[in-house]
Amino acid sequence: MSVDIKGLAARLDEAALNAEAIPQLALEVELISAQAYEIQAAIIARRLGRGEKRNGMKMGLTSRAKALQMGVEDVIWGRITDAMVVEEGAAVSMSKYVHPRVEPEIAFLLKHPLPVGATALEAQNAIAAVAPAIEIIDSRYKDFKFSLGDVIADNTSASGLVIGPWNSAIEDISNLGVAMSINGAVRQVGTTAAILGHPIRSLVAAADLSGRAGETLEEGWIVMAGGATAAEALSVGDHIVVEVQGLGRAAFKIEA
Ligand code: OOG
Ligand code: MG
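Overview of the structure. What you see as residue numbers is a count from 1 along each chain, following the sequence as written. Chains and ligands are labelled by the order in which they are written, letters from A for the one and numbers from 1 for the other. Residue-level local features of this predicted model are given only where pLDDT is at least 70; pairs of side-chain atoms are given and counted only at 80 or more, and the full residue set underlies all totals for whole chains, interfaces and linings. The side-chain quantities take in all heavy atoms of the structure and omit both hydrogens and water.

**Regarding the overall build of the protein chain**
Put simply, DSSP H or I for four residues or longer makes a helix, DSSP E for two residues or longer makes a strand, and each gets a number counted from the N terminus. Along the protein chain, the regular secondary structure elements total 6 helices and 13 strands. Only C-alpha atoms enter the radius of gyration; for comparison, a globular chain is expected to reach 2.2 Å times N to the power 0.38, where N is the number of residues. Against the compact-globule benchmark of 18 Å for 256 residues, the protein chain has a radius of gyration of 17 Å, which places it among compact chains. With the C-alpha coordinates of the protein chain rotated into their principal frame, the extents come out at 50 × 45 × 35 Å. Burial here depends on accessible area, computed with a 1.4 Å probe over protein chains only, as a share of the maximum for the residue type. Under 20% is buried, over 50% is exposed, and the range in between is partly exposed. Relative to its full complement of 256 residues, the protein chain shows a buried share of 55%. Whether two residues touch is decided by their heavy atoms; if any such pair falls within 4.5 Å, the residues are in contact. Considering only residue pairs separated by 6 or more positions, the protein chain has 76% of its internal contacts joining residues 24 or more positions apart. Only the protein chains shown count as cover for residues, with accessible areas throughout obtained via the Shrake-Rupley method and a probe of 1.4 Å. By element, 52% of the accessible surface of the protein chain is carried by carbon and sulfur atoms, the whole surface being about 10,500 Å². The charge count treats Lys and Arg as positive and Asp and Glu as negative. His and the chain ends do not count. Just so you know, the charge point we use is NZ for Lys, CZ for Arg, CG for Asp and CD for Glu. In the protein chain, which carries 22 positive and 31 negative side-chain charges, the distance between the mean positions of the two groups comes to 2 Å.

**Concerning the environment of L48**
The topology assignment puts L48 in helix α2 (residues 33-49). Residue L48 is classed as partly exposed on the basis of its relative accessible area, which comes to 37%. Counting along the chain gives 33 residues from L48 to T81, while the straight-line C-alpha distance between them is 8.2 Å. Aside from chain neighbours lying at most four places away, what touches L48 is K53, R54 and T81.

**A few points about the coordination of the magnesium ion (ligand 2)**
Metal donors were taken as nitrogen, oxygen and sulfur atoms no farther than 2.8 Å from the ion, or 3.2 Å where the ion is Na, K or Ca. Water is excluded, so coordination may look unfinished. Coordination of the magnesium ion (ligand 2) by the protein involves E103 (OE), E105 (OE) and E135 (OE), with metal-donor separations of 2.0 Å. On the accessibility criterion, E103 (3% relative accessible area) is buried. What makes E105 buried here is its relative accessible area of 2%.

**Comments concerning the pattern of salt bridges**
Two side chains with opposite charge may pair up if their charged atoms get near one another. The salt bridge criterion pairs a side-chain nitrogen of Lys or Arg with a carboxyl oxygen of Asp or Glu, the two atoms within 4 Å. Applying the stated rule across the entire model yields 13 salt bridges. Here E28 ties to R11 by a salt bridge, and the two come within 3.0 Å at their closest N and O atoms. In this pair, E28 is assigned in the loop between α1 (5-18) and α2 and R11 in helix α1, connecting sequence segments 17 residues apart. Residue classification places E28 among the exposed positions, given a relative accessible area of 54%. The partner of R50 in a salt bridge is D13, with the nearest N and O atoms 2.7 Å apart. Taken together, the residues span a long stretch of sequence, with R50 in the loop between α2 and β1 (54-60) and D13 in helix α1 at a distance of 37 residues. Each of D13, E14, R46 and R50 takes part in a single network of salt bridges with overlapping partners.

**Digging into the pairing of strand β13 (residues 248-255)**
Across 3 bridges, the pairing between strand β4 (residues 91-93) and β13 is parallel. Of the residues in β13, the one forming a bridge with S93 is E255. Of the pairings in the sheet, the one linking strand β12 (residues 239-244) to β13 comprises 6 bridges and is antiparallel in character. Paired with E243 across the bridge in β13 is R249. Hairpin connection between β12 and β13: a loop of 3 residues separates the two successive antiparallel strands, and G246 in this loop has a positive phi of roughly 85 degrees. Two strands make a pair as long as DSSP finds a minimum of two bridges between them.

**Overview of the site of ligand 1**
We call a residue near a molecule or strand whenever a single non-hydrogen atom of that residue lies within 4 Å of it. As a structural note, the neighbourhood of ligand 1 is formed by 17 residues, with L61, K66, E103, S157 and G227 the closest of them. A distance of 2.9 Å separates an oxygen atom of ligand 1 from a polar atom in the side chain of E135. When ligand 1 is considered free in solution it has 320 Å² of accessible area, and contact with the protein chains removes 100% of it. For the shell around ligand 1, the secondary-structure elements that each account for two or more residues are β1, α3 (64-70), β5 (101-110) and β6 (127-137). Looking at the shell around ligand 1, the element that brings in the most residues is β1, giving 3 residues. The residue classification treats Ala, Val, Leu, Ile, Met, Phe, Trp, Tyr, Cys and Pro as nonpolar and Asp, Glu, Lys and Arg as charged. All others, Gly included, are polar. Tallied by class, the residues present in the shell around ligand 1 amount to 7 nonpolar, 5 polar and 5 charged. As used in this structure description, the phrase polar contact means that two N or O atoms lie within 3.5 Å; if the pair is within protein, one of them must be able to donate a hydrogen and the other to accept it, and residues adjacent in sequence are counted only when both atoms belong to side chains.

**Observations concerning the environment of L17**
Position of L17 among the secondary structure elements: in helix α1. Of the residues examined, L17 reaches a relative accessible area of 53% and is grouped as exposed. Along the primary structure L17 and K96 are separated by 79 residues, whereas in three dimensions their C-alpha atoms are 7.8 Å apart.

**Digging into unusual backbone geometry**
Unusually for a residue other than glycine, T156 sits at a positive phi of about 50 degrees. Take T156: it is sitting in the loop between α5 (148-153) and β7 (158-163). A residue is classified by how much of its surface remains accessible, and T156, at 4% relative accessible area, is buried. Its identity as a non-glycine residue notwithstanding, L196 has a phi of 55 degrees, on the positive side.

So this is what it looks like as C-alpha cells:
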C-alpha cells in the first residue's frame, strides 16, 4: 500500500514543534516497520533542514520493564540530534512537551565508527566513554499509546537526553545498580543488566540496525542504550536524578 511518507512525517514533526498530541497513525494506516523508519528518517531530514545536527542514535525497548510498560515487544531505534541534548543540571520548560516521561539509561560515546556486524569486543573497543543518562521521552500520540509502526515513525518518542559525567576509564558495565529519583524520592531501581542482559548488546544491536538502514554509527556519536527500568511521568517542579553505580549521576529540572 502506498503511504504518504512526507505528509505523515510533517504531521509528527509539527506535533512535536507545537507540543500537541495527535491521533495514532495506526487508526488510519497500518505501517510496516520499513515504512515507519522512512517516516522517521523524513522527520529527521526536516530537523536537519532547520539547522539541527545529527549526533547519535537511541535504542528503545531493550529492557523487559519497558517492553511491558509500553506493550510493544520489538527492540526499536531512533535518531538523536544536538537540539535534543539538555544540559546536565539545567531546567527545561514543560511547554516544550506533550506529556513527558523520564527513564534511566546509560550513554556511550564512540571513539571510532562501528559498522554492521561488529562483535561485542569491537563494540567495547569503540567506546571512548560511558555516562549515566536520562532520556526524556514524549510520545506525540494521544495518551502515550501507540503501535509498533506508530512509535518507530515518531522517532521512538525521542525528545531529550541529559548526559552525566563521561567516564573514560571503563569498568565492567554489565551489572551496575541504577536508581531514578524524583524530588528526592526513589521511584525506580534496577540494574544495567536489564538492558538486553548486558548493555554492550544494545550497542552491538545499534550498529546492526543502523547499518541495515544504510547508516554507520560515527566517531563522536552518542548511543543511548535504552531504559533500564519503566519510565516515570513528569510534572512541573520535578527534579529528576538518575544515579548509576560507579558512573555518577545526571539531573535536570522541569519548570512551567
Ligand atoms: C518508546 C521508546 C522506548 C526505551 O528506552 O526503551 C525507549 C516509548 O517508551 O515511548 O526509549
Ligand atoms: Mg529510552
